[in-house]
Amino acid sequence: MNSFSIIIVNWNGLDHLKRYLPSVVASNYEAFEVIIADNDSSDQSIEWVKQEFPEIKVIALDQNYFFAGGNNRASKIANHEWLVFL
């Protein structure tokens, strides 16, 4: 069975996280992790993720590194060989 890391870049996307993150986490696949790379959001995204999904890794970036920069930084802490970028 392959394992993978799901990387989600966020910038003030709390509404999107509330709507879509539960279905990502609800997967019954056994070997995966979710990583949120937060591009210095000001909408309480990090706090919500940590409260609702404490098993998710959150990287709080010091500025907006945009999609590619957030993915690059998050991929450095991924524990699995396969990366899925959402």
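Refer to the preceding data block for the structure.
This section reports on the structure supplied with the text. (Residues numbered from 1 in each chain as written. Predicted model: local features only at pLDDT ≥ 70, side-chain atom pairs only at ≥ 80, totals over all residues. Heavy atoms only, no water.)

**Some words on the packing of aromatic side chains**
For step 1, the next point in the chain: Applying the stated criterion to the full structure yields three aromatic pairs.
For step 2, the next point in the chain: Taken together, a centroid distance of 5.0 Å and an interplanar angle of 45° make the contact between Phe 4 and Tyr 29 tilted. A residue pair is termed long-range when its members are at least 10 positions apart, and Phe 4 in strand β1 (residues 4–10) and Tyr 29 in the loop between α1 (14–25) and β2 (32–38) qualify at 25 residues.
For step 3, the next point in the chain: In this structure Phe 4 comes out as buried when scored by relative accessible area, which is 19%.
For step 4, the next point in the chain: Centre to centre, the rings of Trp 48 and Phe 53 are 5.7 Å apart; their planes meet at 70°, and the pair counts as edge-to-face. (Phe/Tyr/Trp six-rings, centres within 6.5 Å; stacked < 30°, edge-to-face > 60°. Helix = DSSP H or I, 4+ residues; strand = E, 2+ residues; numbered from the N terminus. Buried < 20%, exposed > 50% of the residue type's maximum accessible area, 1.4 Å probe, protein only.)

**Observations regarding the side chain of Asn 71**
For step 1, the next point in the chain: Mapped onto the elements, Asn 71 comes out in helix α3 (residues 66–75).
For step 2, the next point in the chain: Among the residues examined, Asn 71 registers a relative accessible area of 6% and is labelled buried.
For step 3, the next point in the chain: Look past the residues within four positions of Asn 71 in its chain and what remains in contact with it is Ile 7, Val 9 and Phe 85. (Contact = heavy atoms within 4.5 Å.)

**Quick word on a nonpolar patch on the surface**
For step 1, the next point in the chain: On the surface, Phe 67, Leu 83 and Phe 85 cluster together into a nonpolar patch covering about 280 Å² of accessible area.
For step 2, the next point in the chain: Structurally, the position occupied by Leu 83 is in strand β4 (residues 82–85).
For step 3, the next point in the chain: The exposure class of Leu 83 is partly exposed, given its relative accessible area of 33%. (Patch = residues over 30% accessible without salt bridge, like charges linked within 9 Å, V, L, I, M, F, W, Y side chains within 5 Å. Areas by Shrake-Rupley, 256 points an atom, 1.4 Å probe, with all protein chains shown as cover. Salt bridge = Lys/Arg side-chain N within 4 Å of Asp/Glu carboxyl O.)

**A few points about the sheet that holds strand β3 (residues 57–60)**
For step 1, the next point in the chain: One open sheet holds the four strands; their spatial order is β3-β2-β1-β4, and the pairing between them is parallel. Strands with a single pairing partner mark the edges of an open sheet, and in this sheet they are β3 and β4. Each neighbouring strand pair of the sheet contributes to a mean axis angle of 25°, computed without reference to strand direction.
For step 2, the next point in the chain: Sheet analysis places β2 next to β3, joined by four bridges and oriented parallel. (Pairing = 2+ DSSP bridges. Axes fitted to C-alpha atoms, helices over the stretch in contact; angles between N-to-C directions.)

**Examining the pairing of β1**
For step 1, the next point in the chain: In terms of burial, β1 is a largely internal element, seven of the seven residues being buried.
For step 2, the next point in the chain: Of the two faces of β1, both are covered, the one formed by Phe 4, Ile 6, Ile 8 and Asn 10 as well as the one formed by Ser 5, Ile 7 and Val 9.
For step 3, the next point in the chain: Two strands pair when backbone bridges link them, and β1 and β2 are joined in this way by seven bridges, in the parallel orientation. Along β2, the bridge assignment pairs Phe 4 with Phe 32.
For step 4, the next point in the chain: On the question of chirality, the crossover connecting β1 to the parallel β2 by way of α1 is right-handed. (Right-handed = clockwise from strand over helix to strand, strands pointing away.)

This is a description of form; function is not addressed.
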